[in-house]
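# Results of the structural survey
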Amino acid sequence: MVLTTIYALLFYFATAVLLFGVGYKVYQYASVPAPLKIPTTPAPTTRTGVVLRMLREVIWFESLFRANKWIWLFGMLFHGALWLVLLRHVRYFIDPVWTWVILIQPIGKYAGFIMMIGLVGLLVRRIAVERIRYISSPSDYLMLVLLLAIGGSGLMMTFVLHTDIVQFKAFMLGVMTFSWQPIPPDPILLLHLTAVLLLMIIFPYSKLLHAPGVFFSPTRNQVDNPREQRHIADWAKRLEDASSS
Amino acid sequence: MAKTIDVPVLKPYIEIPKLQPDVMAGSGPYIAKPDMQAALGFRGELPEDWQSIALNKMGELLKKYRSFQVYMDACVKCGACTDKCHYLLGTADPKNMPVARQDLIRKVYRRYFTLAGKYFPKLVGAVDLTEEVLNDWHNYYHQCSECRRCSVYCPYGIDTAEVTMAAREILNSIGRGQKYSNEIIGKVYKIGNNLGLPEPALRDTLEGLEEDVEADIGIKVRFPLDEAGAEILLVTPSADFFAEPHVDGLVGYAKVFHQAGVTWTLSSKASEAANFGLFIGSYENMRRIALRIREAAIELGVKRIVFGECGHAWRVAYSFLNTLAGPFDFLDPRYPVPQHICEFTYDLLQSGKLTLDKSVNDHRVMTFHDSCNVARASRMGNVPGGQFTIPRELIKAACNNFYDMAPETIHDQTYCCGGGGGLLTDDLLELRIKGAMPRMQALQQATEQYQITHLAAICAICKSQFTKVLPYYGFKMDQVISVHQLIGDAIVFQTDSEHPENNTVT
Ligand code: SF4
Ligand code: SF4
């Protein structure tokens, strides 16, 4: 029961940190003005064009593709597989399970391997390429290690040492409905969960902020129309008012 | 003491160098004198409590610029940008990798503005703001030409130029400005242009040009100054008034205006297109410089504003002028404000009002250098990428031999000339020579392939920088020319029955 209490409380805590932390950063990004038009050109001249540019960026990693095919490949493998794995995990949070979640289950299971290949590729590059090694801090390595631990423990449970997944789902639903059920005291599961919770907690304090950040990047999200429209920030407007009065 | 400079050897392709930490550590530019600082509204000298002033400034900028705030957080250290900077490629100093350049300030941001850096500095690479860090800022934020090449490749669009500008603004706030940029801004405020050319001298120069052109082609092409009631105000970099090869570009614009049959004028008040406020990241100074153009346009009662060939100037003009100094509702709404001279000439060409004799330029085999800020921070015409096609269309209309350099070195992937962003000063000559290497490499390759004789550019900084560095790489300094020199040389003047006043053929 102690274990159940600890993990249940950790879940609430981690969820709160993640939501409020990221919520605060998004609020901050949205409220800090972008006082000048600085899209990296050629840039779209319409809102629709910008939405498409952003989609190409977050789905296809367009800029990264132009920059470096290896980083693109490993980044793509990791992020693509991560999505599948995350979607597959929806089954532990709902009952009954939606059909599409059941349908992706087989792909989702094997996507875990792809994810690991991507992560290992990124880690090897970080260690082996002099330039990337130079710019890496301990946290950059630890982040990959953490993700590898999550992926590795997850794969272990899926393919080698099965955990009591029915009981785990009961725990998860219990946490969500505030009627706690015991957590299976399986070390690999606990490792998996601990790593995930840690990731959720550090999310708003780390470079994982690239996920919300990309949508607020002025070089990517601005419409190229400065000759047609003035684009004046409040603080810049005050300079104008001051000089005209 | 003049240090001998190892000029990079051009290879058949660009090699990513093995890193040589701190080779460029002592290569920062001269520091601005207190009176130069004061003229721009900055502190004169480094005060004792500079750390807290710098940190306050950083906090202020994080609240004023979304780019700065987001870019401090979003970098994942993927390394995609690490080989994209011409200064890294030319110097091998790792702090010239865009991400490493950002990190010089990011590690301080983390230390003072993030929870992780406050409590676990070692883990996330956060450091205190020490004198050593300050010196690195001064050195390496003046080894960035704000060319934005890195921003093209970053998956989050992180633009190191934005970070450099923020850093320079912080440096200025603690009295550590850069002599070259700040001195020039002072001249613009005092005299009206970067070169400190006063009105009488300017008038003299223009009269001389008028005589030269008339002697040359037998037509009186005018170079008007401060003529109220002219239709067009031309704002052009002051180098166009006498430096080679810039001045031939100015002659080209004048011939185009002459042939178009429009009235135009230069202004002694706004006798400079470049806006160095951009380089130092100072919105206030950029605005103050931009407002001269608005005032000149109002005083002279013009209908249109056209900018001459100048890269960073065009960025400020195209992307910021309307914001900084608009609205321009007193101008003719049929034309964009402002227009680029290339747009003007292109429109003329499209409407059949300009006849060019390409054969005049047959002795030239041309290639074109996309200037960084035109390519990646502005546009021409009304479709994205017009900044690439329009100048090329002009060149092709004016000569028979045109070839592009390698595709990964042109358009938005172009390499900076190595002298942009406030670095065009002799105290940074070594950096400028080394930073030019990638562009020189592409030029060398194209020269071998197509026997290129001339490199056309549409930026005053590019032209000056190339004039200086071409010889170090075995080229000749006069191989760089203005796009409008080609046009000017090829124009076939036609008698115009609608505007007989233009037909003053003597
Ligand atoms: S903006 Fe240009 S000079 Fe500055 S870091 Fe990026 S690529 Fe290098
Ligand atoms: S490409 Fe962008 S995210 Fe990657 S290291 Fe460079 S600045 Fe950081």
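Just so it is clear, the structure is predicted and the values come from calculations on it, not from any experiment.

Moving on, we come to the site of ligand 2. Surveying the vicinity of ligand 2 reveals 13 residues, the closest of which are Cys75(B), Cys78(B), Gly79(B), Cys81(B) and Cys154(B). Looking at the shell around ligand 2 residue by residue, the class counts come to ten nonpolar, two polar and one charged.

Our next topic: the packing of aromatic side chains. Residue and element names in this part refer to chain A. Tallied over the full model, the rule gives 26 aromatic pairs over all chains. The interplanar angle of 75° and the centroid separation of 6.1 Å between the aromatic rings of Tyr92 and Phe168 together place this pair among those described as edge-to-face. Pair noted here: Tyr92 is in the loop between helix H4 (69-89) and helix H5 (99-128) and Phe168 is in helix H8 (residues 165-177), with a separation of 76 residues, a long-range link. On the basis of relative accessibility, which here comes to 12%, the residue Tyr92 falls in the buried class.

Now for the site of ligand 1. Residue and element names in this part refer to chain B. As a matter of local geometry, ligand 1 sits amid 13 residues, with Cys85, Cys144, Cys147, Arg148 and Cys150 nearest to it. When contributions to the shell around ligand 1 are tallied by element, the ones reaching two or more residues are helix H4 (86-91), helix H5 (98-113) and helix H9 (149-153). Of the residues belonging to the shell around ligand 1, the class tally is six nonpolar, three polar and four charged.

All names here are of chain B. At a closest axis distance of 10 Å, the pairing of helix H16 (residues 341-350) and helix H18 (residues 386-398) adopts a crossing angle of 55°. Between H16 and H18, the angle falls in the class oblique. The handedness of the crossing between H16 and H18 is left-handed. Residue-level contacts link Cys342, Glu343, Thr345, Tyr346 and Leu349 of H16 to Ile390, Glu393, Leu394 and Ala397 of H18. Of the residues belonging to the contact of H16 with H18, the class tally is six nonpolar, one polar and two charged.

Let us look at the layout of surface pockets. In this structure, the second largest pocket spans a volume of roughly 1,000 Å³. Looking at the lining of the second largest pocket, the elements with two or more residues in it are helix H1 (2-31), helix H7 (138-160) and helix H9 (187-202) of chain A together with helix H2 (50-64), helix H3 (66-74), H5, helix H6 (115-119) and helix H7 (121-124) of chain B. The element that contributes the greatest number of residues to the lining of the second largest pocket is H1(A), accounting for six residues. A per-class count over the lining of the second largest pocket returns 23 nonpolar, eight polar and six charged.

Further remarks concern the sheet that holds strand S3 (residues 304-307) of chain B. All names here are of chain B. Across the sheet, which stays open at both edges, the four strands sit in the order S2-S1-S3-S4 with parallel pairing between neighbours. Each end of this open sheet is capped by a strand with a single partner; those strands are strand S2 (264-265) and strand S4 (339-340). Taken strand by strand, helix H13 (residues 246-260) contacts strand S1 (232-235), S2 and S3, and its axis lies near 170° from that of S1.

Now for unusual backbone geometry. Residues Asp95(A) and Pro96(A) are joined by a peptide bond in cis, for which omega reads -5°. Note on placement: Pro96(A) falls in the loop between H4 and H5. Pro338(B) follows Val337(B) through a cis peptide bond whose omega is -10°. Tracing the sequence through the fold places Pro338(B) in the loop between helix H15 (311-325) and S4.

What follows concerns helix H12 (residues 199-217) of chain B. Residues and elements named next belong to chain B. Taking 1.5 Å as the rise per residue, H12 with 19 residues should run 27 Å; its terminal C-alpha atoms sit 27 Å apart, in good agreement. If you check which residues of H12 are buried, you get Leu202, Leu206, Leu209, Glu210 and Val213. Mapping the buried residues of H12 onto a view down its axis gives an arc of 100°, with all of them on the same face. Exposed side of H12, more than 90 degrees from the buried face: Pro200, Asp204, Glu211, Asp212 and Ala215 are the residues found there. On its buried face, H12 sits against H13. Just past H12, the residue Gly218 takes up positive phi, approximately 75°.

It is worth spelling out the UniProt feature "transmembrane region" (unreviewed entry) in chain A at this point. Residue and element names in this part refer to chain A. Taking the numbering used here, the UniProt-annotated feature "transmembrane region" (unreviewed entry) corresponds to residues 6-27, 70-90, 110-129, 141-168 and 188-206. Annotated as residues 110-129, this span is 95% helix and 0% strand, and its ends, taken at the C-alpha atoms, are 29 Å apart. Taken end to end, residues 141-168 has its terminal C-alpha atoms 30 Å apart, with 86% of it in helix and 0% in strand.

Turning to the domain arrangement of chain B, a few remarks are in order. All names here are of chain B. Along its sequence, chain B is organised into domain 1 (34-177) and domain 2 (185-403 + 452-490). Here domain 1 and domain 2 have C-alpha centroids that lie 32 Å from each other. Carbon and sulfur atoms supply 46% of the area that domain 1 and domain 2 bury against each other, a total of about 1,300 Å² over both sides. Of all residues in domain 1, Leu40, Arg148 and Met165 bury the most surface against domain 2, accounting for 37% of the area lost on that side. At the junction of domain 1 with domain 2, the criterion picks out one salt bridge. Here domain 1 is connected to domain 2 by five residue pairs in polar contact (both at pLDDT 80 or more). Those elements that provide at least two residues to the side of domain 1 that touches domain 2 are H9 and helix H10 (160-173). In terms of residues, the side of domain 1 that touches domain 2 owes the most to one element, H10, which gives five residues.

By size, the foremost hydrophobic cluster in this structure holds 192 residues, and its most contacted members are Ile105(B), Trp137(B), Phe223(B) and Phe257(B). Two domains each provide a minimum of three residues to this core, namely domain 1 (34-177) and domain 2 (185-403 + 452-490) of chain B. The contacts of Trp137(B), once residues within four sequence positions are left out, are Met58(B), Leu104(B), Ile105(B), Val108(B), Leu129(B), His142(B), Ile170(B) and Leu171(B). Grouped together as the second largest cluster of nonpolar side chains are 18 residues, Phe78(A), Leu123(A), Leu146(A) and Leu208(A) included.

Quick look at the UniProt feature "domain: NarG-like" (unreviewed entry) in chain A now. As recorded in UniProt, the sites labelled "domain: NarG-like" (unreviewed entry) are residues 68-211 of chain A. Helix makes up 77% of residues 68-211 of chain A and strand 0%, whereas the separation of the span's terminal C-alpha atoms amounts to 20 Å.

Together, Asp204(B), Glu207(B), Glu211(B), Asp212(B) and Asp216(B) make up a region of like negative charge exposed at the surface. Examined against the element boundaries, Asp204(B) turns out to sit in helix H12.

Moving on, we get to the interface of chain B and chain A. Residue-level contacts link 78 residues of chain B with 59 residues of chain A. Summed over both sides, the interface between chain B and chain A buries roughly 5,700 Å², with carbon and sulfur atoms accounting for 57% of that surface. Applying the counting rule to chain B against chain A returns six salt bridges. Between Arg66(A) and Asp412(B) there is a salt bridge, and its shortest N-O distance comes to 2.9 Å. With eight residues, the single largest contributor to the side of chain B that touches chain A is H15(B). Class assignment of the residues belonging to the side of chain B that touches chain A gives a composition of 40 nonpolar, 17 polar and 21 charged.

Further remarks concern the pairing of S3(B). Residue and element names in this part refer to chain B. Burial along S3 is two-sided: Arg304 and Val306 facing one way and Ile305 and Phe307 facing the other are all buried. As paired elements, S1 and S3 share four bridges and run parallel to each other. Following the sheet pairing, Val235 is matched in S3 by Phe307. With two bridges joining them, S3 and S4 adopt parallel strand pairing. Within S4, the residue paired with Phe307 across the bridge is His340. Once you follow S3 into H15 and on to S4, the crossover reads as right-handed.

Cut-off values and rules
Residues numbered from 1 in each chain as written. Chains lettered and ligands numbered in written order. Predicted model: local features only at pLDDT ≥ 70, side-chain atom pairs only at ≥ 80, totals over all residues. Heavy atoms only, no water. Near = heavy atom within 4 Å. Nonpolar A, V, L, I, M, F, W, Y, C, P; charged D, E, K, R; others polar. Phe/Tyr/Trp six-rings, centres within 6.5 Å; stacked < 30°, edge-to-face > 60°. Helix = DSSP H or I, 4+ residues; strand = E, 2+ residues; numbered from the N terminus. Buried < 20%, exposed > 50% of the residue type's maximum accessible area, 1.4 Å probe, protein only. Axes fitted to C-alpha atoms, helices over the stretch in contact; angles between N-to-C directions. Parallel < 35°, antiparallel > 145°, perpendicular 65-115°, else oblique. Left-handed = near helix turned anticlockwise from the far one by under 90°. Contact = heavy atoms within 4.5 Å. 1 Å grid on protein atoms, 1.4 Å probe; cavity = no way out; pocket = protein on both sides within 12 Å on 5 of 7 lines; lining within 4 Å. Points joined across faces, edges and corners; volume = space filled by probe spheres on them. Pairing = 2+ DSSP bridges. Expected span 1.5 Å × (residues − 1). Arc of directions from axis to C-beta. UniProt positions renumbered as here; feature names shortened; annotations may be inferred. Domains from an automatic or database assignment. Buried area = accessible area lost by both parts, 1.4 Å probe. Salt bridge = Lys/Arg side-chain N within 4 Å of Asp/Glu carboxyl O. Polar contact = N/O pair within 3.5 Å; in protein donor to acceptor, adjacent residues only side chain to side chain. Core = buried A, V, L, I, M, F, W, Y, C linked by side-chain atoms within 4.5 Å. Patch = residues over 30% accessible without salt bridge, like charges linked within 9 Å, V, L, I, M, F, W, Y side chains within 5 Å. Areas by Shrake-Rupley, 256 points an atom, 1.4 Å probe, with all protein chains shown as cover. Lys, Arg positive; Asp, Glu negative; His and termini not counted. Charge placed at Lys NZ, Arg CZ, Asp CG, Glu CD. Right-handed = clockwise from strand over helix to strand, strands pointing away.

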